[in-house]
Amino acid sequence: TANTPASEQKKALVECVWDVTLHLQAPFNTSATDPQQWGIDSPLARDHRGRIYLPGSLVHGRMLQEVDNWTAFGLFAPLSNALGDFAASGNNAPARKRLVWGDLLLDSIPDRTPSYTRVAIDAQKKKKKKHALQTIETPAEAGQNLCFTGQVRGFCESNQKDEWRNHIERALRLVQNFGAERSTGWGMVLGVSVQESHSPSLPPSV
């Protein structure tokens, strides 16, 4: 590399780990695919220890959506090419991502999980459809604060660590809500914190 211009030399990347805290407002749901309780149509996602979690893949997807929304305005430039998405070549080949999320865990296991029901409305008849009642599980009653914590790993240049941390936090603050239910009031974001971690990184979500 001695004769290679500095601008063309491959820059070394370092692994950075950030602790992420998301404060969401209940109700909240992740719609797990495995049945857990009789009478619950949309149960919460739980890990093997029964802990309620927010999938890292879901957080990554919502963040990617917000970054894409603002790319045309020149925001989040360092993250635009690090979130995966698709390569600019137009051949629909996925671009490798340099930001990897672990799952975010709810900070406590609730003693009981309330449920909410809703019905589907027939667009033509303007009334509820028959046999269209859905029961949705949530960690807490509406209005309560839910704290999810986890980690995200990034592979960036050593002098970009602070810039990446700032952009990750700003992008997450633009997300209005998290979870499978996107209706008004479900999983609304109340607060976001992203700090450099001093503990070993967690494995990414599968």
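**Student:** It is not clear to me how the pattern of salt bridges should be interpreted in this structure. Could you clarify?
**Tutor:** Where charged atoms from two side chains of opposite charge approach closely, those side chains can pair. Enumeration according to the criterion identifies seven salt bridges in this entry. In this structure, glutamate 169 and arginine 165 form a salt bridge, with 3.5 Å as the shortest nitrogen-oxygen distance. One end of the pair, glutamate 169, and the other, arginine 165, are both in helix 3 (residues 161–174), four residues apart, so they sit about a helical turn from each other. Note that arginine 173 is salt-bridged to glutamate 169, the shortest N-O span being 3.8 Å. Here the residue arginine 173 and the residue glutamate 169 both occupy positions in helix 3, the gap between them amounting to four residues, near one helical turn. A relative accessible area of 48% means that arginine 173 is categorised as partly exposed. Shared partners join several salt bridges into a network, and the residues in it are Arg165, Glu169 and Arg173.

**Student:** I tried to follow the packing of helix 1 (residues 56–71) against helix 3 on my own but got confused; where do I start?
**Tutor:** Two quantities define a packed helix pair, namely the angle between the helix axes and the distance between the axes. The geometry of helix 1 relative to helix 3 is characterised by a closest axis approach of 9 Å and an angle of 95° between their N-to-C directions. Here helix 1 is positioned roughly perpendicular relative to helix 3, judged by the angle of their axes. Here Val59, Met63, Glu66, Val67 and Trp70 of helix 1 lie close against helix 3, whose contacting residues are Ile168, Ala171, Leu172 and Leu174. Looking at side-chain class alone, the contact of helix 1 with helix 3 contains eight nonpolar, no polar and one charged residues.

**Student:** How should the pairing of strand 1 (residues 14–25) be read in this particular structure?
**Tutor:** Side chains on a regular strand alternate between the two faces of the sheet. By the bridge criterion, 12 bridges tie strand 1 to strand 7 (residues 145–156) in an arrangement that is antiparallel. Looking across to strand 7, one finds that valine 17 is bridged to arginine 153. Relative to strand 8 (residues 188–196), strand 1 is paired through eight bridges, and the arrangement is antiparallel. Within the sheet, the bridge partner assigned to leucine 22 lies in strand 8 and is valine 192.

**Student:** Could you clarify how one ought to interpret a nonpolar patch on the surface in this entry?
**Tutor:** Where nonpolar side chains cluster on the molecular surface, the patch consists of Trp70, Phe73 and Leu174 and spans about 300 Å² of accessible area. Summarising the element assignment, leucine 174 is placed in helix 3.

**Student:** I would appreciate a short explanation of the packing of aromatic side chains in the present structure.
**Tutor:** The description of an aromatic ring pair uses the distance of the two centres, along with the angle that the planes make with each other. If you walk through the whole model with that rule in mind, you get one aromatic pair. On the basis of an interplanar angle of 50° and a centroid distance of 5.1 Å, the ring pair of phenylalanine 28 and phenylalanine 148 is categorised as tilted. Residue phenylalanine 28 is found in the loop between strand 1 and strand 2 (53–54), and its partner phenylalanine 148 is found in strand 7; the two are separated by 120 residues along the sequence. The burial state of phenylalanine 28 is the same as that of phenylalanine 148; both residues are buried.

**Student:** Can you walk me through the pairing of strand 7 in this structure?
**Tutor:** For strand 7, the tally of buried residues reaches nine of 12 residues, placing the bulk of the element in the interior. Bridge count between strand 3 (residues 99–101) and strand 7: three bridges; the pairing is antiparallel. Following the sheet pairing, leucine 99 is matched in strand 7 by glycine 154. Two strands pair when backbone bridges link them, and strand 4 (residues 104–106) and strand 7 are joined in this way by two bridges, in the antiparallel orientation. Bridging across to strand 7, leucine 105 finds its partner in threonine 149.

Criteria and thresholds
Residues numbered from 1 in each chain as written. Predicted model: local features only at pLDDT ≥ 70, side-chain atom pairs only at ≥ 80, totals over all residues. Heavy atoms only, no water. Salt bridge = Lys/Arg side-chain N within 4 Å of Asp/Glu carboxyl O. Helix = DSSP H or I, 4+ residues; strand = E, 2+ residues; numbered from the N terminus. Buried < 20%, exposed > 50% of the residue type's maximum accessible area, 1.4 Å probe, protein only. Axes fitted to C-alpha atoms, helices over the stretch in contact; angles between N-to-C directions. Parallel < 35°, antiparallel > 145°, perpendicular 65-115°, else oblique. Contact = heavy atoms within 4.5 Å. Nonpolar A, V, L, I, M, F, W, Y, C, P; charged D, E, K, R; others polar. Pairing = 2+ DSSP bridges. Patch = residues over 30% accessible without salt bridge, like charges linked within 9 Å, V, L, I, M, F, W, Y side chains within 5 Å. Areas by Shrake-Rupley, 256 points an atom, 1.4 Å probe, with all protein chains shown as cover. Phe/Tyr/Trp six-rings, centres within 6.5 Å; stacked < 30°, edge-to-face > 60°.

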